[in-house]
Amino acid sequence: MNDVLEITRDNWNLFLASLLDEMNIFVPVNNGYSTEYKLFTSDLENVVYNRPIPVTPLKQFFLPVKENVVINKEIHNKKLIIGIPSCDLAGLDLLDEIYLDERFVDSAYKDNRDHTILIGTDCHDIRENCHCTSYGIEPYPESNADATLAAIDGKMIFTVKSDKGSALFDRCRKSFPVEKPGEAMLKQVQQKRKETKDKLAAQNQHLPDYAATGDLIKRSGEDIWIRHSSTCVSCGACATICPTCTCFLLIDRPDFEKVRQVDACQYPGFERIAAGEDPLRKKHVRFRNRYMCKYVWKPETFKSIACTGCGRCIDCCIGNISKNKIFLEMAANS
Amino acid sequence: MSDQVNIYKPLRAKVEKVIAESPSIKSFVLLPETEFSFRTGEFIELTINGYGEAPFTPSSSPLEKKKIEVTVMKAGYVTERIHELQKGDVVGIRGPFGRGYPLDRFYGKEIVILGGGCGFAPIRSLLYNLIAEKDKFEKVTLCYGAKTPEDCIYKPFVDELRKVEKFEVLRSVDKADEGWDEKEGVVTVLLDDIQVNIANSVAVVCGPPVMMKFGTFKLLEMGYPEHDIFLSMEKNMSCGLGKCGHCMMGKYYVCKDGPVFTYEEIKDQPDIWK
């Protein structure tokens, strides 16, 4: 299933335009400061491929901020999402493990997954907080993508990874001039991958890996959490923007309907019970809880990792808290 | 949506009867629109339409499929609304969820049950089950505590239980009145009075967190092994399915992995008594 084709960027855009009657297509667009997914139209400008992390993670398409999880959706809008970095694709492992657990399948999540085609992208650049390779994830898609894409020298290199990707590949091949990429082009793809890996290795050379981080957190004392959470305002951005944080609030609506709304363990009262007990009453305990969850508890009970090294929690923190700085401090003191 | 059962959609149930158990606790007998089965110790989510839902372990017999009873203490905004329910009102129920009491591990043993306040609710369901299978157990000792005599719930049930062979009931209240002729003091004092062969016994604890804590410590002091103390944990169980994260207790989702745990399973998890 590793068919590869090369298509010019102009023809690629025409191909996408030809799909617009059937599906909503989301592509990464540079907004001048960062990258974000936008609905593709033929005249959409500033579409950028091979860029690291869009501002919002992939999970927004499967776990939207609010979703009615009781009503039957009669119409499913098919989605094609293009330009997904490998960290976000890797994050789907944990989401699937939780939401597609065969004992309790979340139908709304499953429908969202089933009606979406995912095209991953190689990252040709890194952001200052990117650290996927520290957690064993390559900066190019290895799993969960239906196809992958690399844009090089005005050409798009499209690689099939699943049946869904294969169907798309066939449609493209039938209607547009495509070529099999030459050796030189494939070498360039590999060279770009190596360059990105080298940049990540240089940027994160002292950062402990996933398992070591869990051990450091387990051994840490209260002091470090009190100190580093002092600027935390409990806004919950770190959790809501995280590709693997999955907590939600179930809100009741008339007719016994329920809305699943994104929630965060950093909000006060997250675990409070009616009688008043609240294990996460103190801010530094809530703060530590998120790290314990991601690096200690989830690895004990799930097969998938709970941090993919995207760095968004650092990018978004208005308290200027960097988990990587915390881990480097822990590592230095261990 | 797909053909699968929707895990978030409540089953409708009509309130058949409201029983005032104490000044702050009421029981509600519910008639689900279709038969509803649960195993003792498992819990349900009770939905007030358009308002909210809260978790309760049924207090009725798990052998009864047509009716289900929940006992609710007025404590928060959902339970306040539940207390306003009248006969004929319609509520929603989801579940059953989680892991209940492992009765097969109780067979052939003496069972000591320590309950406090509204924690009697899951215990009553367990007791109905134990009564139905009483030939499989050596002896059952219920130690129940409440704040005052009027806070003691299930008075008619207790009277009946006292007549059942192999079952013993001891009660205490924190503050007695003139009419109280049972023990005065915190519930753990009742454990001083019981005759039990700990080597062939299991203990069950359910009640407010502080009572669970000191009850467990007392049982450990008496010599109960950690794996023979069964605790019914109360956390903020919301989805009931191990997804929403509100009831996490360390590595466990209480809603899915519990609510019944042995002390051995949870002793190293954080803040279990909060």
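Note that the coordinates shown come from a computational prediction; the quantities given were computed from them, not determined experimentally.

Caption draft 1: Representation of the domain arrangement of chain A. Residue and element names in this part refer to chain A. Per the domain assignment, the segments of chain A are domain 1 (3-203) and domain 2 (210-333). Taken over C-alpha atoms, the centre of domain 1 sits 27 Å from the centre of domain 2. Taken together, the contact pairs 37 residues of domain 1 with 38 residues of domain 2. A combined buried area of about 3000 Å² lies between domain 1 and domain 2, and 55% of that area is made up of carbon and sulfur atoms. Scanning the region where domain 1 abuts domain 2 turns up four salt bridges. With a closest N to O distance of 3.7 Å, Asp 315 and Arg 127 form a salt bridge. Summed over the shared surface of domain 1 and domain 2, the number is 24 residue pairs in polar contact (both at pLDDT 80 or more). Contributions of two or more residues to the side of domain 1 that touches domain 2 are made by β4 (66-68), α2 (86-99) and α3 (107-114). Sorting elements by how many residues they give to the side of domain 1 that touches domain 2 places α2 first, with ten residues. Across the side of domain 1 that touches domain 2, the residue classes tally to 23 nonpolar, six polar and eight charged.

Caption draft 2: Main features of empty space enclosed by the protein. Residue and element names in this part refer to chain A. This model, assessed by the stated rule, comprises six cavities of 30 Å³ or more. Empty space within the largest cavity amounts to approximately 190 Å³. What lines the largest cavity is a set of 19 residues, among which Cys 232, Cys 238, Phe 287, Cys 317 and Ile 321 lie closest to the centre. Those elements that place two or more of their residues in the lining of the largest cavity are α8 (237-240) and α9 (283-301).

Caption draft 3: Focus on α3 of chain A. All names here are of chain A. Summarising burial for α3: six of the eight residues are buried, a large majority. Turning to α3, its buried residues are Ser 107, Ala 108, Tyr 109, Asp 111, Asn 112 and Arg 113. Looking at the packing, one finds that the buried side of α3 touches β4, α2, β6 (116-121), α4 (163-175) and β10 (257-262). At the N-terminal boundary of α3, the capping side chain belongs to Asp 106, with an oxygen 3.2 Å from the backbone nitrogen of Ala 108.

Caption draft 4: Summary view of the packing of α9 of chain A against helix α11 (residues 323-333) of chain A. All names here are of chain A. The interhelical angle for the contact between α9 and α11, taken along N-to-C directions, is 80 degrees, at an axis separation of 13 Å. One way to sum up the angle between α9 and α11 is to call them roughly perpendicular. Packed against α9, whose contacting residues are Phe 287, Tyr 291 and Tyr 295, the element α11 presents Lys 323, Ile 326 and Phe 327 at the interface. Looking at side-chain class alone, the contact of α9 with α11 contains five nonpolar, no polar and one charged residues.

Caption draft 5: The arrangement of the sheet that holds strand β4 (residues 52-56) of chain B in detail. Residue and element names in this part refer to chain B. As summarised here, the arrangement of the six strands in space is β4-β3-β6-β1-β2-β5, forming an open sheet in which the pairing is antiparallel. Taken across any chain shown, the strands that pair with only one partner, and hence form the sheet edges, are β4 and β5 (68-73). Here the average twist between neighbouring strands, direction ignored, is 35 degrees. Pairing between strand β1 (residues 11-22) and strand β2 (residues 25-32): eight bridges, direction antiparallel. When the sheet's bridge partners are listed, Ala 20 is paired in β2 with Lys 26.

Caption draft 6: Focus on the interface of chain B and chain A. Across the boundary between the two partners, chain B contributes 44 residues, which contact 44 residues of chain A. Counting across the interface, chain B meets chain A through two salt bridges. Its salt-bridge partner being Glu 53 of chain B, residue Lys 258 of chain A comes within 3.0 Å of it at the nearest N-O pair. Where chain B meets chain A, there are 16 residue pairs in polar contact (both at pLDDT 80 or more). In terms of residue count, strand β6 (residues 90-97) of chain B provides more of the side of chain B that touches chain A than any other element does, four residues in total. The residue inventory of the side of chain B that touches chain A, partitioned by class, reads 17 nonpolar, 16 polar and eleven charged.

Caption draft 7: Up close: the pairing of strand β3 (residues 35-39) of chain A. Residue and element names in this part refer to chain A. Sheet topology places strand β2 (residues 24-30) next to β3; five bridges connect them, and they run antiparallel. Bridge assignment links Val 27 to a residue of β3, and that residue is Lys 38. From the end of β2 to the start of β3, which pair antiparallel, there are four residues, and Gly 32 there has a positive phi angle of about 100 degrees.

Caption draft 8: Summary view of the nonpolar core. Membership of the largest hydrophobic core comes to 81 residues, with the highest contact counts inside it found for Leu 58, Ile 217, Tyr 291 and Phe 327 of chain A together with Tyr 8, Leu 231 and Met 233 of chain B. No other element matches the seven residues that α9 of chain A contributes to this core. If you look at the next biggest cluster of nonpolar residues, it comprises 34 residues, including Phe 120, Leu 126, Leu 130 and Ile 153 of chain B.

Caption draft 9: Highlighting α11 of chain A. All names here are of chain A. For α11, the complete set of buried residues consists of Lys 323, Asn 324, Ile 326, Phe 327 and Met 330. Seen along its axis, α11 keeps its buried residues to an arc of 155 degrees; they face one direction. Facing away from the buried side of α11, by more than 90 degrees, are the exposed residues Lys 325, Ala 332 and Asn 333. Where the residues of α11 are buried, they touch α6 (210-219), α7 (222-228), α9 and α10 (312-316).

Caption draft 10: Broad picture of the side chain of Arg 260 of chain A. All names here are of chain A. Tracing the backbone through its elements, the reader meets Arg 260 in strand β10. Since its relative accessible area comes to 2%, Arg 260 is described here as buried. Looking at Arg 260, its side chain comes within polar contact range of the side chain of Asp 106, at 3.0 Å.

Caption draft 11: Representation of the domain arrangement of chain B within the structure. All names here are of chain B. The domain architecture assigned to chain B consists of domain 1 (11-97) and domain 2 (103-232). Each of domain 1 and domain 2 has a C-alpha centre, and the two are 23 Å apart. Of the residues lining the interface, 18 residues belong to domain 1; the matching set on domain 2 comes to 16 residues. Across the interface of domain 1 and domain 2, roughly 1300 Å² is buried in total on both sides, 57% from carbon and sulfur atoms. Three residues stand out in domain 1 for area buried against domain 2, namely Glu 21, Thr 40 and Ser 59, and they jointly supply 35% of the buried area on that side.

Here is what the cut-offs are and how they apply
- Residues numbered from 1 in each chain as written.
- Chains lettered and ligands numbered in written order.
- Predicted model: local features only at pLDDT ≥ 70, side-chain atom pairs only at ≥ 80, totals over all residues.
- Heavy atoms only, no water.
- Domains from an automatic or database assignment.
- Contact = heavy atoms within 4.5 Å.
- Buried area = accessible area lost by both parts, 1.4 Å probe.
- Salt bridge = Lys/Arg side-chain N within 4 Å of Asp/Glu carboxyl O.
- Polar contact = N/O pair within 3.5 Å; in protein donor to acceptor, adjacent residues only side chain to side chain.
- Helix = DSSP H or I, 4+ residues; strand = E, 2+ residues; numbered from the N terminus.
- Nonpolar A, V, L, I, M, F, W, Y, C, P; charged D, E, K, R; others polar.
- 1 Å grid on protein atoms, 1.4 Å probe; cavity = no way out; pocket = protein on both sides within 12 Å on 5 of 7 lines; lining within 4 Å.
- Points joined across faces, edges and corners; volume = space filled by probe spheres on them.
- Buried < 20%, exposed > 50% of the residue type's maximum accessible area, 1.4 Å probe, protein only.
- Axes fitted to C-alpha atoms, helices over the stretch in contact; angles between N-to-C directions.
- Parallel < 35°, antiparallel > 145°, perpendicular 65-115°, else oblique.
- Pairing = 2+ DSSP bridges.
- Core = buried A, V, L, I, M, F, W, Y, C linked by side-chain atoms within 4.5 Å.
- Arc of directions from axis to C-beta.

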